[in-house]
Amino acid sequence: MKLIRTKKKKGIISDKEESQMKKVMLCVFLLIISLVFVGFFSGNAEAIPTFARKYKTSCSTCHTAIPQRNAFGDAFRRLGFRMPGGDKAFVKEEPVALGAEAWKEVWPEAIWPGLLPATVPISFYGHQRVVWKEDASSSEGATYFDAPHELEMLFGGNWGERISFFAEWILYEKSFANDKDKLGAMYIQFNDLLGSTPGMLNFKIGRFETGAARGLKDDNRLTPSHAMSFDYTVAGGGADKSLRTKQSGVEFNGILGSRFEYAFGAVNGGGDNTDSNDAKDLFYRVGFKLGGMGLDGSGGIPKGELVQKDNWRDDSITLGTFGYFGYPSANNATTEENYTRFGADLRLSYSRLAIEGAVVFGNDEVAAGKDIKSTAFNVDLQYLFFPWLIANVRYEQKSFDDNTSNKDVEAVVANLTVLQRANIRWNLEYYTYLEDKDGNDTAKLNIMFAF
Amino acid sequence: MIKNIFFLIVAVLIALPAFADENTGTIRGEVKIFRERRFADVVLYLEDVPGAFKPPANNLRIDQKNLIFIPHVLPVLVGTTVEFANSDTVLHNVFSPSKPKKFNLGTYGKDTIKQQTFDKAGKVALLCNVHTEMSAFIIVLSNPYFSKTGNDGRFTINNIPPGQYSLKTWHEEKRPYQEKVTVKAGETTEIKIQLR
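Residues numbered from 1 in each chain as written. Chains lettered and ligands numbered in written order. Predicted model: local features only at pLDDT ≥ 70, side-chain atom pairs only at ≥ 80, totals over all residues. Heavy atoms only, no water.

## Some remarks on the overall build of chain A
- The helix and strand tally for chain A stands at five helices and 20 strands.
- When burial is assessed residue by residue, chain A has 49% of its 451 residues classed as buried.
- Considering only contacts in chain A between residues 6 or more positions apart, those separated by 24 or more positions represent 57%.
- Carbon and sulfur atoms make up 62% of the accessible area of chain A, which amounts to about 20,900 Å² in all. (Helix = DSSP H or I, 4+ residues; strand = E, 2+ residues; numbered from the N terminus. Buried < 20%, exposed > 50% of the residue type's maximum accessible area, 1.4 Å probe, protein only. Contact = heavy atoms within 4.5 Å. Areas by Shrake-Rupley, 256 points an atom, 1.4 Å probe, with all protein chains shown as cover.)

## Quick notes on the sheet that holds strand β12 (residues 146-148) of chain B
Residue and element names in this part refer to chain B.
- Strand order in the open sheet made by the four strands is β12-β2-β14-β15, with antiparallel pairing throughout. Where the open sheet ends on each side, the last strands, each with one partner, are β12 and β15 (178-183). Recorded for the sheet is a direction-independent mean angle of 25° between the axes of neighbouring strands.
- Here strand β14 (residues 163-170) pairs with β15 via six bridges, running antiparallel. Across the sheet, Tyr165 pairs through a bridge with Val181, a residue of β15. (Pairing = 2+ DSSP bridges. Axes fitted to C-alpha atoms, helices over the stretch in contact; angles between N-to-C directions.)

## Describing the sheet that holds strand β3 (residues 60-65) of chain B
All names here are of chain B.
- Ordered by their spatial adjacency, four strands build an open sheet running β4-β3-β6-β9, and the pairing between neighbours is mixed. The open sheet has two free edges, formed respectively by β4 (68-70) and β9 (113-118), since each of these has just one partner strand. Going from strand to strand, the sheet's axes swing by 25° on average, the running direction of each strand aside.
- One ladder, built from six bridges, connects strand β6 (residues 80-85) with β9; its direction is antiparallel. Across the sheet, Thr81 pairs through a bridge with Thr117, a residue of β9.

## A short note on unusual backbone geometry
- Going from Ile66 of chain A to Pro67 of chain A, the amide bond is cis rather than trans, its omega being 0°.
- Inspection of the secondary structure assignment puts Pro67 of chain A in the loop between β1 (63-65) and β2 (68-69).
- Between Ala147 of chain A and the following residue, Pro148 of chain A, the backbone shows a cis peptide bond with an omega angle of 0°.
- Along the polypeptide, Pro148 of chain A turns up in strand β6 (residues 140-158).
- The backbone of Ser351 of chain A shows a phi angle near 50°, a positive value even though the residue is not glycine.
- Phi angles above zero are rare outside glycine, and Asn159 of chain B is one such case at about 55°.
- Assignment of secondary structure puts Asn159 of chain B in strand β13 (residues 154-160).
- According to the relative accessible area criterion, Asn159 of chain B is partly exposed, its value standing at 41%.

## Observations regarding the pattern of salt bridges
Residue and element names in this part refer to chain B.
- The final tally for this structure, using the stated rule, is 31 salt bridges over all chains.
- The closest approach of N and O atoms between Arg38 and Asp41, which form a salt bridge, is 3.7 Å.
- A residue is classified by how much of its surface remains accessible, and Asp41, at 12% relative accessible area, is buried.
- With a shortest N-O distance of 3.0 Å, Glu47 and Lys168 are connected by a salt bridge. (Salt bridge = Lys/Arg side-chain N within 4 Å of Asp/Glu carboxyl O.)

## Some words on helix α4 (residues 71-78) of chain A
All names here are of chain A.
- Burial analysis of α4 places eight of its eight residues in the buried class, which makes it a mostly covered element.
- Buried within α4 we find Ala71, Phe72, Gly73, Asp74, Ala75, Phe76, Arg77 and Arg78.
- Sitting at the head of α4, Asn70 places a side-chain oxygen 3.1 Å from the backbone nitrogen of Phe72.
- Where α4 terminates, the next one or two residues include Gly80, which has phi positive at roughly 80°. (Polar contact = N/O pair within 3.5 Å; in protein donor to acceptor, adjacent residues only side chain to side chain.)

## Brief notes about the interface of chain A and chain B
- On the side of chain B, 17 residues touch chain A, which itself brings 18 residues to the contact.
- A buried area of about 1,300 Å², summed over both sides, lies between chain A and chain B, and 53% of it is on carbon and sulfur atoms.
- Of all residues in chain A, Ala89, Trp103 and Glu105 of chain A bury the most surface against chain B, accounting for 40% of the area lost on that side.
- Connecting chain A to chain B are one salt bridge.
- For the salt bridge of Glu105 of chain A with Lys123 of chain B, the shortest nitrogen-to-oxygen distance reads 3.0 Å.
- Connecting chain A to chain B are four residue pairs in polar contact (both at pLDDT 80 or more).
- Looking at side-chain class alone, the side of chain A that touches chain B contains 10 nonpolar, three polar and five charged residues. (Buried area = accessible area lost by both parts, 1.4 Å probe. Nonpolar A, V, L, I, M, F, W, Y, C, P; charged D, E, K, R; others polar.)

## Re the side chain of Lys204 of chain A
All names here are of chain A.
- Tracing the backbone shows Lys204 in strand β9 (residues 202-209).
- Its relative accessible area of 3% is what places Lys204 among the buried residues.
- Contacts of Lys204, omitting those with residues within four sequence positions, involve Tyr187, Ile188, Gln189, Arg214, Gly249, Val250, Glu251 and Asn253.

## Regarding the confidence of the model for chain B
All names here are of chain B.
- In the predicted model, chain B carries a mean pLDDT of 89, and the fraction of residues at 70 or more is 89%.
- For residues 15-20, every residue scores under 50 in pLDDT, and the model assigns this stretch zero contacts once sequence neighbours within four places are set aside.
- ipTM for the predicted complex: 0.73, alongside a pTM of 0.77. (pLDDT = per-residue confidence, 0-100.)

## Let's talk about the packing of aromatic side chains
Residues and elements named next belong to chain A.
- The full count for this structure, using the stated rule, is 32 aromatic pairs over all chains.
- Judged by centre distance (6.1 Å) and plane angle (55°), the ring pair of Phe76 and Phe81 falls under tilted.
- What makes Phe76 buried here is its relative accessible area of 4%.
- By relative accessible area, Phe81 is classed as buried at 7%.
- With centroids separated by 5.9 Å and ring planes inclined at 35°, the aromatic side chains of Phe81 and Phe166 adopt a geometry described as tilted. (Phe/Tyr/Trp six-rings, centres within 6.5 Å; stacked < 30°, edge-to-face > 60°.)

## Focus: the environment of Glu179 of chain B
Residues and elements named next belong to chain B.
- Inspection of the secondary structure puts Glu179 in strand β15.
- On the basis of relative accessibility, which here comes to 23%, the residue Glu179 falls in the partly exposed class.
- Put simply, Glu179 and Ile191 are 12 residues apart on the chain and 9.4 Å apart in space, counted from C-alpha to C-alpha.
- A polar atom in the side chain of Glu179 sits 2.6 Å from the side chain of Tyr177.

Okay, structure coming up:
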């Protein structure tokens, strides 16, 4: 409402338009209130995704609010989807043995024994949206239903202790050209290559978000919009240069002494438009966590049953630094279009407050002898009022030393997350550019569900 | 006279266990397994007990029923002969790749019983070539002072000569545990163990 008044003062909107906008916002507000109310006092949401089924535990064991992971959930992922301190005791759905353990003694005369998940490990994520988007050219906004916005199928689990897998098949996403389907990620991870210490050295192959971007956990953000520092790209050249883009390649990752984590690897580059040249994009990240639960889940291992209460709390500081070296062009191109990204990420969590941020410095060769330098930055404040009510405010910016085809942008994102159930999340996000010329403000009501 | 001799023999027989109890000790205890709900199939045994021990006169038995070896874990004294029965309507094969006793009894049908003598101490894994998910273990031990836990984790080792011994555990998945135990004549030593 304040924004409407500001725009009215500036003469951008008329009394009639102001009245219409107020009506739209009031409708959205009432819709949220009524649906949340109805939801809270209606029947149980029974549906739970793959890991929740496997361990017979709630989403909130591993997530603050889906899909944002808490410290325990992060450790679970780092260990290759295994519970810290030994997975087997927590598994409630007995896996199917592909040969008894003792067959290991027969190897190489027999196949090494493995396990199959007890049920087909499939989950679904869906997003329904109502979007209001400012139209700067006509001083009018438009409200429309972006429902469904997205439906994706997720696969995840283990084939025994040492092999994990994950896949994300986007069945539908509104933003795709012709609404076509898309394989988001698909990888296999071979765990514990150095022996019995869980998570010390793992090897991943497939398509995945590279380890360089892992500090900001873009895949697990609460806001519908992506953080600018990991989402921005530079005009010039055809490659998708955003750090969050999923890439095909290999990665080594692991945890050292519970507090250090590392990842490095090589990918084709180019995101979906895989460039098939010999030169691979390279990346790395090293991180350190002080306080709170260890990166491998140590210090927070449940004694008996998995518990949910207060597991969002993890008083700690996590610092990381990363680099990405892109070599996207074909072998015989005259312009290499090489680019680099260096940056740092930070997460500070105390009690109900979490501050998360990242800064990225880029250098892109866009033509022979011509480079564009860029800086992107974002900081996100998150406050947990209740385990089901979380607020975020994020400031973000990107700037370039050459604004011919890339413009500097500053924006603020305000987001309210309501968990109706552990697997049903509501968001109300308002995305505003600090300069009107930079883009159109957007308000999104997003309903995410997982089962 | 004959009547008196008969009563004397009966009295001696009744008194013998009491004498035995007075001259030997017992270890009794409980095993818990970290984050497990079932504490069965932990073998507890004493090491370095001097003496020569005769294997039992009667054979022990492992059955194959509903595609499961029963029992899953069988501790035996060196020299013991174990019979392998097949109570299923399908063919089974019993073999072991383990060093202490490599053997293969071949594939055989319902109600057939084959046997094998275990003459060297160690862990012998049993597998079925037909059903790869089936497995069992025979733990061959050098003295008769051993026990196996039930679901509640309780165990008792009786008739142990007084002395100091190493009490060890074996479990299919958990790390072995070892503890020094002093056994006194006529007394019961209580032990609590947690395996991880």
